[in-house]
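One-letter residues, chain by chain:
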Amino acid sequence: MLSQGAPTASLDSVSAGTDKDPMRILVLGGTAEASALIGALAGMPEHEVTLSLAGRTSSPRLAPVAMRVGGFGGSDGLAGWLRETRTDLLVDATHPFAATISANAFRAAAATGVPLLALRRPAWRRHACDRWTDVATIAEAAAAMAGFGEAPLSVLVTIGRQELAAFLGAAPRRHAYLVRAIEPIAGAVPPGIDAIEIRDRGPFSLAAEEALMRERAVGVLVTKNAGGGATAPKIEAARGLGLPVVIVRQPSKPDVSATVATSEQALAWIAVHQASPSTKRGV
Ligand code: NAP
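A short tour of the structure in this document, coming up. (Residues numbered from 1 in each chain as written. Predicted model: local features only at pLDDT ≥ 70, side-chain atom pairs only at ≥ 80, totals over all residues. Heavy atoms only, no water.)

## What to know about the pattern of salt bridges
One pass over the structure, following the stated rule, counts eight salt bridges. The residue Asp92 makes a salt bridge to Arg120 at a minimum N-O spacing of 3.2 Å. With Asp92 in strand S5 (residues 89–92) and Arg120 in the loop between strand S6 (116–119) and strand S7 (131–135), the pair connects residues that are 28 residues apart, well separated along the chain. For Glu209, the salt bridge goes to Arg180, with nearest N and O atoms at 2.8 Å. Of this pair, Glu209 sits in helix H6 (residues 206–215) while Arg180 sits in strand S9 (residues 176–181), placing them 29 residues apart in sequence. (Salt bridge = Lys/Arg side-chain N within 4 Å of Asp/Glu carboxyl O. Helix = DSSP H or I, 4+ residues; strand = E, 2+ residues; numbered from the N terminus.)

Below, the structure is given as structure tokens:
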């Protein structure tokens, strides 16, 4: 069900059992929340759903709805796609650190009049016993690594692959970097850096995270403050083991009036929205 451009499902089809047009929904995904929402919407004939992925992972989990992969060509491209496919609702369920696509979604929704629902998971909150160094950027995270003394440490890095080269290129070379990522990290490790790859994809359990940190004698965790439950156990494990964490704050995203925090809330919002005739396309 993968395509590069238009959704694979017929836009003019009316699902069996309903006498109205289905509501056409585009979900900008790449998160566990988007997958959960898609899973719930997939079985409902009153919705015709397309999942859009950027294409960052080579083998994305297949979804039970039409999928398209790759950029739209900025906010104008996304607006064009919404008009062309006569989309009724745009759901921005992208990762908290995917700021560009969220800004594009906001602009495209404003330009087309298509309602926008933002699914934004809250950031993790610091507990009293957390040893966090809170930073704004990956560059600041790399600079913060200088504050952990002169002795070589084992550093668990869970920031994804895209900004890995920037982090490792600026971080102290005396440490050994244990890099967990979905995709291979070859090409993102500058010469002379001691980096070991752990290819894995969440969710991860607390027991597994604690075992990893103990077995690899991790001295520092470097992470984005992604929020959500799927990868939260690493934060809990670091807390339990008393480990310092260098944590990158979430970038700001547009202020969307319809914002929810969970896939269940998104589903409830869509149900209400579906029932309101004034919000249906062309009305
Ligand atoms: P980004 O910086 O906000 O977006 C860069 C460009 O990628 C966008 O301008 C857009 O291209 C395209 N794009 C992003 N998400 C898309 C989507 N869902 N469907 C179609 N095109 C998309 O995003 P990013 O940080 O590179 O993240 C890419 C994707 O990975 C996101 O969908 C996000 O949910 C997921 N993800 C990101 C992170 C992270 O840490 N950043 C972590 C886990 C998952 P055009 O301008 O050409 O439309």
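## Concerning the packing of helix H1 (residues 32–42) against helix H8 (residues 263–275)
As a packed pair, H1 and H8 sit with axes 9 Å apart at the nearest point and diverge in direction by 45 degrees. Classified by the interaxial angle, the pair formed by H1 and H8 is oblique. The two elements H1 and H8 cross, and the hand of that crossing is right-handed. Facing Glu33, Ala36, Leu37, Ala40 and Leu41 of H1, the residues of H8 in contact are Ser263, Ala266, Leu267 and Ile270. (Axes fitted to C-alpha atoms, helices over the stretch in contact; angles between N-to-C directions. Parallel < 35°, antiparallel > 145°, perpendicular 65-115°, else oblique. Left-handed = near helix turned anticlockwise from the far one by under 90°. Contact = heavy atoms within 4.5 Å.)

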